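# Structural overview
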There are 2 protein chains.
Amino acid sequence: MTKTIKAFGTEAADAKLEQLDIERRDLKENDVQIDILYCGVCHSDIHAARNDWGNAKYPLVPGHEIVGKVTAVGDGVSKFSKGDLVGVGCMVDSCQTCSACDEDLEQFCEKGMTATYNSKDKDLGKTTYGGYSTEIVVTENFVLRIPENLETKAVAPLLCAGITTFSPLNHWNVKKGDKVGVIGLGGLGHMGIKFAHVMGAETVMITTSPGKAEDAKRLGADSVLISKDEDAMKEHTGSFDFLLNTVPVKHDINPYLQLLKRDATMCMVGAIEPLEPMNGGNIIMGRKRVAGSLIGGIKETQEMLHFCGENNITCDVEMIKMQEINDAFDRVTDNDVKYRFVIDMESLKN
Amino acid sequence: MTKTIKAFGTEAADAKLEQLDIERRDLKENDVQIDILYCGVCHSDIHAARNDWGNAKYPLVPGHEIVGKVTAVGDGVSKFSKGDLVGVGCMVDSCQTCSACDEDLEQFCEKGMTATYNSKDKDLGKTTYGGYSTEIVVTENFVLRIPENLETKAVAPLLCAGITTFSPLNHWNVKKGDKVGVIGLGGLGHMGIKFAHVMGAETVMITTSPGKAEDAKRLGADSVLISKDEDAMKEHTGSFDFLLNTVPVKHDINPYLQLLKRDATMCMVGAIEPLEPMNGGNIIMGRKRVAGSLIGGIKETQEMLHFCGENNITCDVEMIKMQEINDAFDRVTDNDVKYRFVIDMESLKN
């Protein structure tokens, strides 16, 4: 049994998003049924809808930064009750038995995690639909508890932009006394600054755009390094304990490698495409490392949400109605948002 | 005061190496004077002589894989005596006070280590001359003790090729039970196989050349993976705990990144030039790391020599006379040596 609900999605790579009726999965024993209040707009939503990665299954309903209220739970659910404020991020299932899942790293599930949308529902065999809809049903192990003290609408992007930046800062043990650079000031970068700052690091915003300096400082950056300023870059040579590279497109990482201390790491979280050629000598000299990181596991995502609750961290958001999504996609593509659009799902329900 | 000694070197980037008279540094309080028995021929010697890196100071006397006998020591020398069998590697001095030197990583000295040749002698202000000569004088902290049980001439390349491969395997804690791939079978790769094998790892030689399989197994590889064989590469996907990449030229590292387990590292020790573009997604998926490593510190080099003594590890060498160096350079460039030329310095003394 399924229920027909309202959603916004697309039927083809070159089509605009429009209102669709989709079938919501029915509640099973370990499932949580969620009435969606807000959903963030991630750049991935655009890549997926437009089939930039060549794996789109239509109709495609994006959205993996979901916050809502529990409306029902299956008989086997122990962690959540009706009325709870909850979130759903980029994953809705995984095998739960492989070594990655055992280590709470479901994002690297060896059998492949089930993505919140455009993925194969493990039980039903149907395609998953994301958060640009009125409701979602998710197995309880992939449902997150949202701190009640935070502004709810500004929490939604924590489920992707938040964990994507928190996880590497946490994994590489960023702490008081460290000098951390956050490269790129967009949806990811603005969260990277907030986290690194609250973790106690000397936080440097590294950007090509002098115009972003003021805002970077408002977000928590101690200083701003303009990467086009060769003298300034030289001054910071060999001084960073960690770099979080959030640039979402092909770029030259060599100048940033020069900024790292011996044995230090630059972690990439944005660009999945081929980068400009890296000089081997830039990592051989100083035994440096270039690493990658992908969102975070469910346990770490819950830790991140607690951390945000304790430290009053949310995203800087611009609210839109569901019907404004096509304009929002264009503005995200133009990098014209500070720093994340969030859809007020009330607009779809009426 | 200085002493004039015989050496082989070059006066210009496009000149052949020929016999030169050079001035050897005089013995100071903490110096060790060494009669050179053998000197290995490293590919770097060729790059330096031909000014491939644009920093050559002529006359240039290469050679940083030196084994010899102590003939005299300064009054302040405590660790060595006349008659000791000793070695000198890529460095002859460093500041000894920075954080890198404090951590026994003189190769990353923040004030710049003094290279064995083509570097500025800290005290004399003159250019250092390398091991293609009859004698060398080096401060005792940069002199290494050579195990007496090993075949002396086959020890020389341990001072560069040996430590370059030992150090990353040691630093990344390669051990019994690990699956380690050594990419490229040349002077560095053949030592990488020997070390990984003796450290107890399942050692896989990864090469483009099926013709190298037999020799790789003789050197200690458990198996050989031909990187051009797509099916074989697919079988090994996500299975390696560590990869040691010894390829000395520009190449595509993306296929190798697919071989790494989650959270595993590929360490580059060969190519200092720009590599083919790396796909960000190849490190983001699986939180993988690409690192570099440069020779090793003096303490670790001594540990490596002890390890070789205990485990009877030397290099596979082809002996030449000093006068044959220009042909040897051509053969190294053509990758026609198994696996390292070593100069018998007796040929220069007569």
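Residues numbered from 1 in each chain as written. Chains lettered and ligands numbered in written order. Predicted model: local features only at pLDDT ≥ 70, side-chain atom pairs only at ≥ 80, totals over all residues. Heavy atoms only, no water.

Per an unreviewed UniProt entry, the recorded name for chain A is NAD(P)-dependent alcohol dehydrogenase, and the organism is Winogradskyella maritima. Looking at the Sequence similarities (unreviewed entry) heading of the UniProt record, one finds this comment for chain A: "Belongs to the zinc-containing alcohol dehydrogenase family." The UniProt entry for chain A carries this comment under Cofactor (unreviewed entry): "Zn(2+)". (UniProt positions renumbered as here; feature names shortened; annotations may be inferred.)

### Describing the relation of the copies chain A and chain B
Mapping chain A onto chain B calls for a screw motion: a turn of 180° about the axis and a shift of 0.0 Å along it, with 0.0 Å RMSD after fitting. The operation mapping one copy onto its partner corresponds to a two-fold rotation axis. No C-alpha of chain A lies nearer the rotation axis than that of Pro277 of chain A, which sits 2.2 Å from it. (Least-squares fit on C-alpha atoms with pLDDT ≥ 70 in both.)

### Digging into the environment of Gly270 of chain B
Residue position: Gly270 of chain B is located in the loop between β14 (260–268) and α8 (281–284). Taking the C-alpha atoms as reference points, Gly270 of chain B and Glu23 of chain B, separated by 247 residues in sequence, lie 32 Å from one another. Among residues more than four places away in sequence, those in contact with Gly270 of chain B are Ile284 of chain A together with Leu188, Asn245, Thr246, Val247 and Pro248 of chain B. (Helix = DSSP H or I, 4+ residues; strand = E, 2+ residues; numbered from the N terminus. Contact = heavy atoms within 4.5 Å.)

### A short note on the pairing of β14 of chain B
All names here are of chain B. Summarising the sheet, strand β13 (residues 240–245) and β14 pair through 5 bridges and their orientation is parallel. Counterpart to Leu243 in the pairing with β14 is Met266. With 4 bridges joining them, β14 and strand β15 (residues 289–292) adopt parallel strand pairing. The residue of β15 that forms the bridge with Cys267 is Ala291. (Pairing = 2+ DSSP bridges.)

### Here's the deal with the environment of Met233 of chain B
Take Met233 of chain B: it is sitting in helix α6 (residues 230–235). Here Met233 of chain B is in contact with Leu225, Ile226, Ser227, Pro255, Tyr256 and Leu259 of chain B, once residues within four sequence places are set aside.

### Some points on the UniProt feature "domain: Enoyl reductase (ER)" (unreviewed entry) in chain A
Following the UniProt record, the feature "domain: Enoyl reductase (ER)" (unreviewed entry) maps to residues 9–343 of chain A here. Secondary structure content for residues 9–343 of chain A is 23% helix and 26% strand, and the end C-alpha separation is 13 Å.

### Things to note about helix α9 (residues 298–311) of chain A
All names here are of chain A. Spanning 14 residues, α9 covers 20 Å between terminal C-alpha atoms, matching the ideal 20 Å at 1.5 Å per step. Those residues of α9 that fall on the buried side of the exposure criterion are Ile298, Glu300, Thr301, Gln302, Met304, Leu305, Phe307, Cys308 and Gly309. Summarising the contacts, the buried residues of α9 are in contact with β6 (91–93), β9 (144–145), α3 (161–171) and α4 (187–198). (Expected span 1.5 Å × (residues − 1). Buried < 20%, exposed > 50% of the residue type's maximum accessible area, 1.4 Å probe, protein only.)

### A closer look at the pairing of strand β10 (residues 179–183) of chain B
Residue and element names in this part refer to chain B. Extensive coverage of β10 is indicated by the burial of 5 of its 5 residues. Going residue by residue along β10, you find Lys179, Gly181 and Ile183 tucked away on one face and Val180 and Val182 tucked away on the opposite face as well. Pairing between β10 and strand β11 (residues 202–207): 5 bridges, direction parallel. The residue of β11 that forms the bridge with Ile183 is Ile206. The parallel pair β10 and β11, bridged by helix α4 (residues 187–198), forms a crossover whose chirality is right-handed. Pairing analysis gives 4 bridges linking β10 to β13, with the strands arranged parallel. By the bridge assignment for β13, Val182 is matched with Leu244. (Right-handed = clockwise from strand over helix to strand, strands pointing away.)

### Side note on the interface of chain A and chain B
The interface is formed by 35 residues belonging to chain A together with 35 residues belonging to chain B. Summing both partners gives a buried area of about 3000 Å² for chain A against chain B, and 62% of it is carried by carbon and sulfur. Of all residues in chain A, Arg262, Ile284 and Arg287 of chain A bury the most surface against chain B, accounting for 26% of the area lost on that side. If you look at where chain A meets chain B, you find 15 residue pairs in polar contact (both at pLDDT 80 or more). In terms of residue count, strand β15 (residues 289–292) of chain A provides more of the side of chain A that touches chain B than any other element does, 4 residues in total. Residue classes in the side of chain A that touches chain B are distributed as 18 nonpolar, 10 polar and 7 charged. Of the pairings in the sheet, the one linking β15 of chain A to β15 of chain B comprises 3 bridges and is antiparallel in character. By the bridge assignment for β15 of chain B, Val290 of chain A is matched with Val290 of chain B. (Buried area = accessible area lost by both parts, 1.4 Å probe. Polar contact = N/O pair within 3.5 Å; in protein donor to acceptor, adjacent residues only side chain to side chain. Nonpolar A, V, L, I, M, F, W, Y, C, P; charged D, E, K, R; others polar.)

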